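Coordinates in review
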Amino acid sequence: MSITDTLRTALRALKKNEMRAVLTVIGVVICIAAVTTIVSIGRDAMSWL
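Since the model is a prediction, treat every value here as computed from it, not as a measurement. (Residues numbered from 1 in each chain as written. Predicted model: local features only at pLDDT ≥ 70, side-chain atom pairs only at ≥ 80, totals over all residues. Heavy atoms only, no water.)

1. Quick word on the overall build of the chain
Operational definition: Numbered from the N terminus, helices here are DSSP runs of H or I no shorter than four residues, and strands are runs of E no shorter than two. Think of it in three bands: with a 1.4 Å probe and only protein chains considered, a residue is buried below 20% of the maximum accessible area for its type, exposed above 50%, and partly exposed in between. All accessible areas in this document rest on Shrake-Rupley with a 1.4 Å probe, and a residue is counted as covered only by the protein chains that are shown.
In terms of regular secondary structure, the chain is built from two helices and zero strands. By principal-axis analysis of the C-alpha atoms, the chain measures approximately 55 × 25 × 10 Å. When the 49 residues of the chain are sorted by exposure, 0% land in the buried category. As displayed, the chain offers around 4700 Å² of accessible surface, 73% of which is attributable to carbon and sulfur atoms.

2. What to know about the environment of Thr 6
Within the element layout of this structure, Thr 6 appears in helix α1 (residues 3-16). On the basis of relative accessible area, Thr 6 is assigned to the partly exposed category, the value being 41%.

3. Examining the environment of Ala 21
Among the structural elements, Ala 21 can be located in helix α2 (residues 18-47). Of the residues examined, Ala 21 reaches a relative accessible area of 22% and is grouped as partly exposed. Along the chain, Ala 21 and Ala 10 lie 11 residues apart, while their C-alpha atoms are 11 Å from each other.

4. Some remarks on the UniProt feature "transmembrane region" (unreviewed entry) in the chain
The following threshold applies: UniProt positions are given in the numbering used here, feature names are shortened, and annotations may be inferred rather than shown by experiment.
Mapped onto the present numbering, the UniProt feature "transmembrane region" (unreviewed entry) falls at residues 21-42. Along residues 21-42 the backbone is 100% helical and 0% strand, and the end-to-end C-alpha distance reaches 32 Å.

5. Section: α2
Here is the rule: Helices are assigned an expected span. That span is 1.5 Å times one less than the residue count.
For α2, with 30 residues, the first-to-last C-alpha span of 44 Å sits near the 44 Å given by 1.5 Å per residue. When you tally the buried positions in α2, you get zero out of 30 residues, a small fraction of the element.

Put into structure tokens, the structure is as follows:
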């Protein structure tokens, strides 16, 4: 299977399950924001010591 076949299959799956793709992207964005927030809070807490 070539790269173009793989990309074609992936794009077809994304079009078929648009809502799943959107929810997955939203979940990843929320997780990245949560980790960034926790790390920055931890750094600020350590600077007070």
